Amino acid sequence: MSKFWSSMVKRTEPYIPGEQVEQANIVKLNTNENPYPPSPKVTAAIKEEIGRSLQLYPSPTANELRETIGRHYGLSTDEVFVGNGSDEVLAFSFMAFFEPGHPIRFPNVTYSFYPVYAKLFDIPYEEVPLNKDFTLCVDSFFQSHGGVILPNPNAPTSIYAGLEHIEKIVQNNPDQVVIIDEAYIDFATESAAKLIRKYDNVLVIQTTSKSRSLAGLRVGFAMGDPSLINALIRIKDSFNSYTLDRLALVGAKAAFEDVAYFTDTVGKIIATREKTKDSLQNLDFNVLPSQANFVFVSHKTVPAEVLYHELKKEGMLVRYFNKPGIDNYLRITIGTDEQMKQLVKRLSEIIKL
Ligand SMILES: *Cc1c(COP(=O)(O)O)cnc(C)c1O
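Procedures and definitions
Residues numbered from 1 in each chain as written. Predicted model: local features only at pLDDT ≥ 70, side-chain atom pairs only at ≥ 80, totals over all residues. Heavy atoms only, no water. Phe/Tyr/Trp six-rings, centres within 6.5 Å; stacked < 30°, edge-to-face > 60°. Helix = DSSP H or I, 4+ residues; strand = E, 2+ residues; numbered from the N terminus. Buried < 20%, exposed > 50% of the residue type's maximum accessible area, 1.4 Å probe, protein only. Lys NZ or Arg CZ within 6 Å of the ring centre and 35° of its normal. Arc of directions from axis to C-beta. Contact = heavy atoms within 4.5 Å. Polar contact = N/O pair within 3.5 Å; in protein donor to acceptor, adjacent residues only side chain to side chain.

Asks: In this structure, what is going on with the packing of aromatic side chains? I would like to understand it.
Replies: Think of a pair of aromatic rings as described by two things: how far the centres are apart, and how the planes are tilted against each other in angle. One pass over the full model with this rule turns up 19 aromatic pairs. Arranged with centres 4.3 Å apart and planes meeting at 10°, the rings of Tyr15 and Phe113 form a pair that is stacked. With Tyr15 in the loop between α1 (7–11) and β1 (27–28) and Phe113 in helix α5 (residues 113–120), this pair connects stretches of sequence that are 98 residues apart. You can call Tyr15 partly exposed: its relative accessible area is 21%. Among the aromatic side chains, those forming a connected cluster through ring pairs are Tyr15, Phe94, Phe98, Phe106, Tyr111, Phe113, Tyr114, Tyr117 and Tyr125. One Lys or Arg, Arg212, reaches over the ring of Phe256 and ends 3.8 Å from the middle of that ring. Residue placement shows Arg212 over the ring face of Phe262; its charged tip is 3.9 Å from the ring centre.

Asks: I would appreciate a short explanation of helix α2 (residues 40–50) in the present structure.
Replies: Residues three or four positions apart in an α-helix share a direction because the helix packs 3.6 residues into each turn. Looking only at α2, the buried set comprises Val42, Ala45, Ile46 and Glu49. Across the axial projection of α2, the buried residues extend over an arc of 95°, all falling on one side. Opposite its buried face, α2 presents the exposed residues Pro40, Lys47 and Glu48, each directed more than 90 degrees away. Where α2 is buried, its residues touch α8 (246–257). One side-chain oxygen of the residue at the start of α2 lies 2.9 Å from the amide nitrogen of Lys41, identifying that residue as Ser39.

Okay, here's the thing in structure tokens:
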């Protein structure tokens, strides 16, 4: 704390990201990155762009990328916003749609960035308890006073709520914005992007970090009614006209154009997830029904914290949250088949100790 800090800095409680290690030989299953590299077409597009015009500012409207994403979802350019990672898109959305004095709602077990943004922008919030089985208590999100934000599938539980539930929440908040954070939707049943032309109060936020292997490029996006997208553009242009650099713009576009590569890698991760789930269940783990690229698990007898430390000793990183209600769970990212075999083997040894 310093006398030079603004009240905004003083009230912040910054998000703590999962450990990033540069060390080789680490099996890194702690931040839900994709184990596969991005499409070769992404690398080619970035290389070509490097040889072109880095001395010039990138497009402030990012129209080409927005159009490409829109086409993927049957939407037009003015229904799509792009930003520097979905974390930035989320931050802009808090500024654009939520207000001090009007409490927003999100689940009590959810992405821990939401309370961080709420504190930063001075927005009060209510944490809505999940049901005992970690599913959403849908009615508790009706008639909010300031808006709703929730991830679907939820993080870190991995549980997906069907579109009929999401639609009910949207319908029952007609005067508020409902933000659906779909960071993991490509590993799940279907996106709420379908609801956008039906309701002007739903904003769907996605990222290229997980399903498109581009966590290092930082490209996220939002889809919604043009009036919502305009609000986000107004915030961006009052903050930084060029949130996406030239490499990110062409790389993300190439990732959306290579549908075959995307379908293949997502399919592989889903198949590995289901195999991993079976293996862990055979070791007496309770595995929540996952529609994400990670599983949320607890063991019948060995505490999650012990498992976390034992795995770490062996160079295997998973995520442990020391928070009431989930402090006996581990969140494990789905890696390659080989990585998951190693993990299961190590876990089977640890629980026999
Ligand atoms: C990973 C994640 C994000 C952030 O994604 P970036 O685009 O990399 O900033 C947002 N929301 C949830 C729920 C996530 O898990």
